Amino acid sequence: MKTPDNPIRQKRLVGLWAFVIMSLGAVVMVYPYAYMVGASLKTRKEFATDKRSLIPPRFQIGERLKHMRGEDSALAWEGADWPVLKNYVDGIVYGQVDVFLLNSLIYAGVVTVIQLTVNALAAYAFARMTFRGQGVLFSLLLATMMLPAAVLLVPQFLVVNALGLVDSFWGVVLPGFAGAFGVFLLRQFFMNIPGELEHAARLDGCGSLRIFWHIILPLSKPALITLGLFTFMAGWNSFIWPLVVLSDQAYYPLTVGLSLFREESGADWPRIFAASVMGSLPLIAMFLLAQRYLIGGISLSGMKAQ
Amino acid sequence: MATRAGRHRNQPIAYLYIAPAFVIVMVFSFVSMGLSFYVSLHDWDPLRGRGEYVGLANYARAVAEPSSVFWLSLRNTTTYVVMAVIGVLCTSLPLAMLCRRSRYGQALFRTLYFLPSITPMVVIALVWIWLLQQWGGLLDRPETALLAIAIVGVWQASGYNMLLFLAGLSDIPQDFYDAARVDGANRLQEFWHITIPLLRNTLVFVTVMVIIGAFQVFTQAYIMTRGGPERSTEVVAFQVFKNAFSYAGQMGYASAMAWLLFAVLFVFIMIQMRVFRSRRIYDE
């Protein structure tokens, strides 16, 4: 142990070591992303011969030098002079990645908008109104949270099947139109809004729907944004549910589209990675823009993103 | 008259407000479970619908039949859960403690470690197929394949759980540590006698959530290994999936298995509900 009589120095040293270890951990966290991007910029032959390197041959100085000296190098292979983003373009042109991305956007967007509306209405009633059976109904709602998704997969499919919605847009989104957790979270938030505003509005003759719309919702923006972001992310990342509901490829979201590419014999891995990058970027961008809502939301509630 | 605030009055319009959420949530939870229980008592084909009533035969088939893969898949799943829990706890808590101490870049670390939580699991599984292949083909051997998909699960979950631990750690008053320091406690003693006991709620919460999540592991097995090699990554959720959607006419059997999975998880779910209720976000 270092000089215990100098706690400031020791604290600095610990801080430095912590930084070093955390940096190593960060490399472990980022490496798969770097690998994915690197592989998405390789041609199939380049990926097949060199699965290790992060950097495609055309950006490797060693290969460049060999090529300039006229030696045999990967830059002489077919495709080394193709556009760097060819896999991305091909993914869209031949693999309909654009359709998958649009589908993902529509599913996640529709679920988010409807779930926020439906959940907020219910949360408002539970938080600010009085009615018979309130406690029982709320407990019943909360109790649904104990049913895990893997257990519900087949049961929910049976219901969607009974409703005749298998292999349709509605079949994918309908179960996501409301969620007990969202109701619970918004109710907590609504209950903390002071009642004076509501009383004043009521004296002015406002109905409950107008109070909800003009007073409660505007005051609850942070909670709505947090819940909206989480709902969108869960919708974008969802895989098993659309996988079992859909069979028509035209309806596939990106996650299911990717698993389809993987199943093809002689899968084109660089192109799969290009599609993976395109499928991961929107959420990463969204996360970077709205980080404070997300991290705040997690610390508050232990909310799950996937 | 609407002059008196309606705190003590029955407001029937509230039923209208809760109806959409309530109906959807109930239909896709308890009603679904009820329907699947009914289905589990029958031979059932998703296309042709109800077949013969078979009583508990589907359950018996899963539990007692010698050729049943249920126990194998349950054993695999349990092994995965153990590895995932150990892996997540042994990474996310130390990472959280280090992150707080780090001299630079705490916010940056939080961001980077969180990235896997917002990346589709399908994408993660696809990339890790190749990363794991470079490490001596962990996925190709029956002895290591389950460990390999657990590594992926831990990599994906540790950053998220680190954030939970960070929140828990920041709730521990610094005074405790200062007092311990005065009494001459070393770091290890601080960890065992202050951090762990005061972090108990978060520890239980994280452990239970990881257990419940890990019992449902599916995507890695589906994308990376398809249950192989030699059924070493055959997990319960994958079994349910295959019987329900890949094999014809096994919907009743799959429903029975889903109910069995629920039974296995029930204990943990009860603990989760207790913890969830006791957390401070519940009614103040």
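What counts, and where the lines are drawn
Residues numbered from 1 in each chain as written. Chains lettered and ligands numbered in written order. Predicted model: local features only at pLDDT ≥ 70, side-chain atom pairs only at ≥ 80, totals over all residues. Helix = DSSP H or I, 4+ residues; strand = E, 2+ residues; numbered from the N terminus. Buried ≥ 20, exposed ≤ 12 C-beta atoms within 10 Å, placed from the backbone. Contact = placed C-beta atoms within 7 Å. Pairing = 2+ DSSP bridges. Nonpolar A, V, L, I, M, F, W, Y, C, P; charged D, E, K, R; others polar. Axes fitted to C-alpha atoms, helices over the stretch in contact; angles between N-to-C directions. Parallel < 35°, antiparallel > 145°, perpendicular 65-115°, else oblique. Core = buried A, V, L, I, M, F, W, Y, C linked by C-beta atoms within 7 Å. Domains from an automatic or database assignment. Expected span 1.5 Å × (residues − 1). Bend = angle between axes of the 7 residues up to and from the residue.

Colleague: How would you sum up the overall build of chain B? Please name residues and give values.
Modeller: When you go through chain B residue by residue, the secondary structure sums to twelve helices and two strands. Mapped in sequence order, the helices and strands of chain B form the string α-β-β-α-α-α-α-α-α-α-α-α-α-α. In terms of overall dimensions, chain B has C-alpha extents of about 75 × 75 × 30 Å along its principal axes. When the 284 residues of chain B are sorted by exposure, 44% land in the buried category. Across chain B, the fraction of contacts at a sequence separation of at least 24, relative to all contacts at a separation of at least 6, is 71%.

Colleague: Kindly report on the pairing of strand 2 (residues 49–53) of chain B, identifying the contributing residues and their values.
Modeller: Among the five residues in strand 2 of chain B, zero count as buried, and that is only a small part of the element. What sits between the antiparallel neighbours strand 1 (residues 42–45) of chain B and strand 2 of chain B is a turn of three residues.

Colleague: I'd like a description of the interface of chain B and chain A, backed by residues and values.
Modeller: With 85 residues of chain B at the interface, the matching set in chain A holds 84 residues. A per-element tally of the side of chain B that touches chain A places helix 1 (residues 13–40) of chain B first, with 20 residues. Residues that form the side of chain B that touches chain A fall into these classes: 61 nonpolar, 19 polar and five charged.

Colleague: How would you explain the packing of helix 4 (residues 86–95) of chain A against helix 15 (residues 269–289) of chain A if you had to name every residue and give the values?
Modeller: Residues and elements named next belong to chain A. Between helix 4 and helix 15, the shortest axis-to-axis distance is 8 Å and the interhelical angle comes to 90°. The angle between helix 4 and helix 15 falls in the class roughly perpendicular. Across the interface between the two elements, Asn-87, Tyr-88, Asp-90, Gly-91 and Gly-95 of helix 4 pack against Pro-270, Arg-271, Ala-274, Ala-275 and Met-278 of helix 15. A per-class count over the contact of helix 4 with helix 15 returns five nonpolar, three polar and two charged.

Colleague: Describe unusual backbone geometry, listing the residues and the values that go with them.
Modeller: Peptide bonds are mostly trans, and most non-glycine residues show a negative phi. Its identity as a non-glycine residue notwithstanding, Arg226(B) has a phi of 55°, on the positive side. Considering the arrangement of structural elements, one finds Arg226(B) in the loop between helix 10 (219–225) and helix 11 (236–246).

Colleague: Quick one: what's the story with the nonpolar core, residue by residue and with numbers?
Modeller: Formed by 167 residues in total, the largest nonpolar core has its most connected members in Ala122(A), Ala21(B), Phe218(B), Val240(B) and Met257(B). When residues in this core are grouped by element, the largest group, 16 residues, is from helix 6 (residues 145–170) of chain B. Here Val240(B) is in contact with Leu153(A), Val154(A), Ala254(B), Met257(B), Ala258(B) and Leu261(B), once residues within four sequence places are set aside.

Colleague: Quick rundown of the domain arrangement of chain B? Include the residues and the values.
Modeller: Segmenting chain B into domains produces domain 1 (13–61) and domain 2 (70–233). One C-alpha centre belongs to domain 1 of chain B, the other to domain 2 of chain B; they are set 34 Å apart.

Colleague: Pulling in residues and values, what's your account of helix 15 of chain A?
Modeller: One turn of the α-helix equals 3.6 residues, which is why residues spaced by three or four share an orientation. Across its 21 residues, helix 15 of chain A extends 30 Å between first and last C-alpha, which sits within 8% of the 30 Å expected from 1.5 Å per residue. A maximum bend of about 30° is found in helix 15 of chain A at Leu281(A), where proline Pro282(A) lies one to four positions downstream.

Colleague: Describe the domain arrangement of chain A, naming the residues involved and giving the relevant values.
Modeller: Residues and elements named next belong to chain A. Domain boundaries in chain A define domain 1 (7–87) and domain 2 (91–301). If you average the C-alpha positions of domain 1 and of domain 2, the two centres end up 36 Å apart. Taken together, the contacts link nine residues of domain 1 with nine residues of domain 2. Ranked by the residues each element gives to the side of domain 1 that touches domain 2, the list is headed by helix 1 (residues 7–40), at four residues.

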